[in-house]
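One-letter residues, chain by chain:
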Amino acid sequence: MITIESSELQTKKWRKEQEWYVNGKSNECEIYQRNLLENIMKCKIQKSKYRFNMENNSFEQVTCPNTKSNGFEYTEDMDGSCEIGGTKYYFNLKMVCDDGGAQTRTLRETYHFIIAQCEWMLEKKPDMVFINILDGDTSYKHKDKFRYLINESRNKKFVSLHDKIFVGDLLEFESWWKENYLDEEALLAALEDK
């Protein structure tokens, strides 16, 4: 059994002590998170190039948006996707440790990325789920801002998306997945169909 650490305890020092961590210049944090998600969800997560165009509220497969004059209208891309039982799951993976300006900017950009997910989901209502994994102690310190986004912001219009947009760390996701989506028989049947 894999033990998942709360993001509250995932400091820069903790991350450096992990056997999977190399130097932070490769995507080892994302690989670590992806492996745990695959274990929790029992599906293979593929790379994704889908991102939101905030100008026209679309979700498009775009590889290099900054080669276009409207490149800044696009969000970052989703880090991966999988499909289970006809539902498509898209993943945004972050591990933000230690305080500083770069970390705050990363979380602010992530906040705006999640707003784009919410706006698109409200308008299109697809059979899709967005999963935002925010690991690291700095993500933990700013959880309140993401809870505000889903529960209180913009006249509470995103409250209905609780089962369609997840925001939290891997430990919270494991519980959320079991509560909301883990129907063992349906999951096994869906995986056998593949």
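Predicted, not measured: the structure shown is a model, and the values here were computed from it.

J.: Residues and numbers for the side chain of Lys 94, please.
T.: Considering the arrangement of structural elements, one finds Lys 94 in strand β5 (residues 87-95). In this view, Lys 94 contacts Gln 33, Glu 76, Asp 79, Thr 106, Thr 110, Ile 133, Leu 134 and Asp 135; residues no more than four positions away in its chain are not counted.

J.: Describe in detail the pattern of salt bridges, supporting the description with residues and values.
T.: Oppositely charged side chains are able to pair whenever their charged atoms sit close together. Scanning all chains against the criterion turns up 16 salt bridges. Taking the shortest distance from any N to any O, the salt bridge between Glu 17 and Lys 13 comes out at 2.6 Å. Pair noted here: Glu 17 and Lys 13 are both in helix α1 (residues 12-17), with a separation of four residues, about one helical turn. In this pair, the class of Glu 17 matches that of Lys 13, namely exposed. Put simply, Lys 178 and Glu 174 hold a salt bridge, and the shortest N to O gap is 3.9 Å. Of the two residues, Lys 178 and Glu 174 both sit in helix α7 (residues 170-180), four residues apart, roughly one turn of that helix.

J.: Describe in detail the pairing of strand β4 (residues 80-84), supporting the description with residues and values.
T.: Burial analysis of β4 places four of its five residues in the buried class, which makes it a mostly covered element. Note that β4 and β5 share five bridges and pair antiparallel. Directly across from Gly 80, in β5, lies its bridge partner Phe 91. Hairpin connection, β4 to β5: the antiparallel pair is bridged by two residues, and Gly 85 has positive phi, about 55 degrees.

J.: Report on the state of the cysteines, specifying residues and quantitative values.
T.: All chains considered together, the criterion is met by zero disulfides. Left without a disulfide partner, Cys 29 is nearest to the cysteine sulfur of Cys 97, which lies 6.7 Å away. Classification of Cys 29 as buried rests on a relative accessible area of 14%.

J.: So what about the sheet that holds strand β6 (residues 128-135)? Which residues, and what values?
T.: Ordered in space as β4-β5-β6-β7, the four strands form an open sheet in which the pairing is mixed. Looking along the sheet, the strands with just one partner apiece sit at the ends: β4 and β7 (165-168). Neighbour-to-neighbour, the strand axes of this sheet turn through a mean angle of 15 degrees, independent of strand direction. The pairing of β5 with β6 spans eight bridges and is classified as parallel. Across the sheet, residue Lys 88 finds its bridge partner in β6, namely Met 128.

J.: Tell me about the packing of helix α3 (residues 101-124) against helix α5 (residues 143-151), and please be specific about residues and values.
T.: Following both chains from N to C, one finds α3 and α5 inclined at 15 degrees, their axes separated by 11 Å at the closest point. It follows that α3 is roughly parallel to α5 by the angle criterion. Handedness of the α3/α5 crossing: right-handed. Contacts from Leu 107, Thr 110, Tyr 111, Ile 114, Ile 115 and Cys 118 of α3 reach α5 at Lys 145, Phe 146, Tyr 148, Leu 149 and Ile 150. Each residue belonging to the contact of α3 with α5 can be placed in one class, and the counts come to nine nonpolar, one polar and one charged.

What counts and what doesn't
Residues numbered from 1 in each chain as written. Predicted model: local features only at pLDDT ≥ 70, side-chain atom pairs only at ≥ 80, totals over all residues. Heavy atoms only, no water. Helix = DSSP H or I, 4+ residues; strand = E, 2+ residues; numbered from the N terminus. Contact = heavy atoms within 4.5 Å. Salt bridge = Lys/Arg side-chain N within 4 Å of Asp/Glu carboxyl O. Buried < 20%, exposed > 50% of the residue type's maximum accessible area, 1.4 Å probe, protein only. Pairing = 2+ DSSP bridges. Disulfide = S-S within 2.5 Å. Axes fitted to C-alpha atoms, helices over the stretch in contact; angles between N-to-C directions. Parallel < 35°, antiparallel > 145°, perpendicular 65-115°, else oblique. Left-handed = near helix turned anticlockwise from the far one by under 90°. Nonpolar A, V, L, I, M, F, W, Y, C, P; charged D, E, K, R; others polar.

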